[in-house]
Structure formats: C-alpha cells, structure tokens
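Single-letter residue listing:
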Amino acid sequence: MEITSSNKSFGGWTKHYSHHSSTLNCDMRFAIYLPPQTANGQKVPVLYWLSGLTCTDENFIQKAGAQRIAAELGVAIIAPDTSPRGSDVADDEAYDLGQGAGFYVNATQAPWNRHYQMYDYVLRELPELVEATFPVSDKRSIFGHSMGGHGALVLALRNPDRFQSVSAFSPISNPVNAPWGQKAFSAYLGKSPSSWAQYDASLLMRKATGAVPALVDQGEADQFLEEQLQPETLEAAAKASGYPLQLNRREGYDHSYYFIASFVEEHVRFHAKHLSA
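Everything quoted here is computed from the prediction, not taken from an experiment.

Engineer: I tried to follow the overall build of the chain on my own but got confused; where do I start?
Structural biologist: Broken down by element type, the chain carries nine helices and nine strands. For the chain, the C-alpha radius of gyration of 17 Å lies close to 19 Å, the compact-globule estimate for 277 residues. With the principal axes as the frame, the chain shows a C-alpha extent of 50 × 40 × 35 Å. By the burial criterion, 59% of the 277 residues in the chain qualify as buried. When contacts within the chain are restricted to residue pairs at least 6 apart in sequence, those whose partners lie at least 24 apart make up 72%. Accessible surface, the chain: about 10900 Å² in total, of which carbon and sulfur atoms supply 47%.

Engineer: I would appreciate a short explanation of the packing of aromatic side chains in the present structure.
Structural biologist: Within a pair of aromatic rings, the relevant descriptors are the distance that separates the centres and the angle that separates the planes. The final tally for this structure, using the stated rule, is 19 aromatic pairs. Note on tyrosine 17 and phenylalanine 30: the rings are 5.7 Å apart at their centroids and 20° apart in plane angle, and the pair reads as stacked. Highlighted residues: tyrosine 17 in strand 2 (residues 12-21) and phenylalanine 30 in strand 3 (residues 26-34), separated in sequence by 13 residues. For the pair tryptophan 112 and tyrosine 188, a centre-to-centre distance of 5.4 Å together with 80° between the ring planes defines the contact as edge-to-face. Taken as a pair, tryptophan 112 in the loop between strand 5 (76-80) and helix 3 (118-133) and tyrosine 188 in helix 5 (residues 179-189) lie far apart in primary sequence, 76 residues in all. One exposure class covers both tryptophan 112 and tyrosine 188, and it is buried. Linked through ring pairs, Trp49, Phe60, Phe143, Phe169, Tyr253, Phe259 and Phe263 together constitute an aromatic cluster.

Engineer: In this structure, what is going on with the nonpolar core? I would like to understand it.
Structural biologist: Across soluble globular proteins, nonpolar side chains show a tendency to be buried alongside one another. Grouped together as the largest cluster of nonpolar side chains are 68 residues, with contacts concentrated most on Phe103, Ile142, Phe185 and Tyr188. Setting aside anything within four residues of it in sequence, one finds isoleucine 142 in contact with Leu47, Tyr48, Leu50, Val122, Ala152, Leu155, Ala156, Phe163, Ser165, Val166, Ser167 and His271. Counting residues in hydrophobic clusters, the runner-up holds 24 residues, among them Phe143, Phe259, Ile260 and Leu275.

Engineer: Sorry if this is basic, but what is going on with the packing of helix 3 against helix 4 (residues 147-158) here?
Structural biologist: When two helices pack together, their arrangement is given by the angle between the helix axes and the distance between those axes. The contact between helix 3 and helix 4 brings their axes to 11 Å, and the two run at 60°. The orientation of helix 3 with respect to helix 4, classified from their angle, is oblique. In the crossing of helix 3 with helix 4, the sense of the turn from one axis to the other is right-handed. From helix 3, Tyr119, Val122 and Leu123 reach across to helix 4, where they touch Val154, Leu155 and Arg158. Its residues placed into classes, the contact of helix 3 with helix 4 shows five nonpolar, no polar and one charged.

Engineer: Which parts of the structure should I look at to understand the environment of glycine 11?
Structural biologist: As for its position among the elements, glycine 11 is in the loop between strand 1 (2-9) and strand 2. Along the primary structure glycine 11 and leucine 34 are separated by 23 residues, whereas in three dimensions their C-alpha atoms are 9.2 Å apart.

Engineer: I tried to follow the environment of glutamate 235 on my own but got confused; where do I start?
Structural biologist: Looking at the secondary structure, you find glutamate 235 in helix 8 (residues 231-241). Take glutamate 235: its relative accessible area is 34%, and that puts it in the partly exposed class. Separated by 30 residues in sequence, glutamate 235 and methionine 205 place their C-alpha atoms 9.3 Å apart. The contact partners of glutamate 235, leaving out residues within four places of it in the chain, are Leu245, Leu247 and Arg249.

Engineer: I would appreciate a short explanation of unusual backbone geometry in the present structure.
Structural biologist: The general pattern is negative phi for most residues beyond glycine and trans for most peptide bonds. The omega torsion across alanine 110 and proline 111 is 0°, close enough to zero to call that bond cis. Locating proline 111 in the fold gives a position in the loop between strand 5 and helix 3. Within the chain, threonine 54 stands out as a residue other than glycine whose phi angle is a positive 75°. The residue threonine 54 is located in the loop between strand 4 (44-50) and helix 1 (59-63) in this model. The exposure class assigned to threonine 54 is exposed, which follows from its relative accessible area of 52%.

Engineer: Just to check I follow, could you spell out the sheet that holds strand 9 (residues 245-250) for this structure?
Structural biologist: Strands in a sheet are paired, the pairing made by backbone hydrogen bonds, and the direction either parallel or antiparallel. Pairing is mixed in the open sheet, where nine strands are placed in the order 1-2-3-5-4-6-7-8-9. Since the sheet does not close on itself, it has two edges, and those belong to strand 1 and strand 9, each with one partner. Between one strand and the next, the sheet's axes are offset by a mean angle of 20°, whatever the strand orientation. When strand 7 (residues 166-169) meets strand 8 (residues 214-219), the two strands line up parallel, connected through four bridges. By the bridge assignment for strand 8, phenylalanine 169 is matched with aspartate 217.

Scoring rules and cut-offs
Residues numbered from 1 in each chain as written. Predicted model: local features only at pLDDT ≥ 70, side-chain atom pairs only at ≥ 80, totals over all residues. Heavy atoms only, no water. Helix = DSSP H or I, 4+ residues; strand = E, 2+ residues; numbered from the N terminus. Rg over C-alpha atoms; globule rule 2.2 N^0.38 Å. Buried < 20%, exposed > 50% of the residue type's maximum accessible area, 1.4 Å probe, protein only. Contact = heavy atoms within 4.5 Å. Areas by Shrake-Rupley, 256 points an atom, 1.4 Å probe, with all protein chains shown as cover. Phe/Tyr/Trp six-rings, centres within 6.5 Å; stacked < 30°, edge-to-face > 60°. Core = buried A, V, L, I, M, F, W, Y, C linked by side-chain atoms within 4.5 Å. Axes fitted to C-alpha atoms, helices over the stretch in contact; angles between N-to-C directions. Parallel < 35°, antiparallel > 145°, perpendicular 65-115°, else oblique. Left-handed = near helix turned anticlockwise from the far one by under 90°. Nonpolar A, V, L, I, M, F, W, Y, C, P; charged D, E, K, R; others polar. Pairing = 2+ DSSP bridges.

See below:
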C-alpha cells in the first residue's frame, strides 16, 4: 500500500491509501479515519461507507463531518472508491455507468467482468487488507448513500454473519424497477431480470431469514425519490418478512451531503451501539 495523504482530525487521523486490488485487477484508493483510541494500539471496530454515483473515496470523508463522532465513540471509518478506475478499465460516457458507477455488483458481462467485481472487493478483499494492516477488530458495520446505500443494504442482507448493523441515506431500494438499476444491471449482469434479484434490497429483505438491525433515512424533498429510490418497496418488504428496519422520512431534505451531514451522527451512534454489543 502507498499512503497518499494524512491529516490529523479530532485527535485521530484521516488518511488516504492506494493499493493494487487482485479482485478488481487495478489500483484502488480508499480513505480511513483512525480514531484517537488507536494511538496506543487499541483495536477498534470498523464502519464501512459506500458512496453514490460519481463519487470517490473523498466525498464522505471531506463533507459528512463524521470524524468527530467516530473519535468520541472509538470507531474507524473506511470509505473505498465507487468503482475500479484506470485507462484500461471499461467506461461509459454517461455518469451512471462505468467508472464512478460500479453499483457494488460482480459483473458477469464483457467488458465489465474484467474489473467490475465491487461486491467481492467490499465483502472480502478490502476488509482483509484493513484488518491485517490497521489496529482494528473484525467487528464490522456498513452504511452508504444512494447507489452506496443500495450496496450497503445488499451486502448486509446477503451476509448477516459479516456485519453487525446496516444503514443507508436515500438508497436505491428497488433497482430492478428503477432506471438507474435497470441500466447498470443490464450492462453488468445481462438482460435477464432473474440475474438481478440478488442485488435488489427490497427483494432480498422480503425473503430474509437472517437479519441485522437496519436504519434508513430518506429526504422527502429528494429529486430522485419517486422514480429512482422507491423507499416504500423496502418498507413493504420489511413488513412482509418482519425485518428489523427503521425508516425515517425527513421533511424538506434533498439528496445532497447537506442531508447526510445533518443525520450522520445518528447513524454512527446507531452502528456504534451494535458494534459494542
């Protein structure tokens, strides 16, 4: 690994690293916040953040203001990039496909399948690297925004043994029925909707047997609410299966980081409670 930046923050350190990913077949970046408790070698639990379309490893770390509460609670935060990148990595001119838009799936279709294995990267390779390198424990929780909220929910729903809790801001809750999801899944997974179901949080939650506590915040002034996000499908799925979901509708809030920064403390406290259980 190569460290590319390091900044002291609330007694801890915000750092950015690059490394070669064998899963994605390219170099990747991630950000980490190490709270002050790690200075003496104390191992702390890890909260993974997955960002949305067009974002990188920098957006959440710079805009959300989560370091203060993470320092108080003794939680490390990891924020990977949203996709593989590089001159030899497949891309598209549109913002919602290709680099910056990995959708946290394992692509099966060429040319995407050579690099776009973000599901495996977030589930296995990145945690293994983090836990082998930094003073962190193997207790993990996960959260995200929009496309990243979709990714966080899917990863936790499919792997309840790997995560203590999950939360999301404005997730794409039912991507098989949303334009963003349909475009990405068609390219990455093929034209058959039957192959898409394993990456749809609403479908997974409706049939879930194992469960981790889940928190979702949705702004009611979100410009993507009705067409792309469809939180009502997630709520209906939780009701059908008895899944432990708390879904908050926030009046006046949109899709931006102003929304995330307003409620990120509640989310970090939610995860810290379950990470310390």
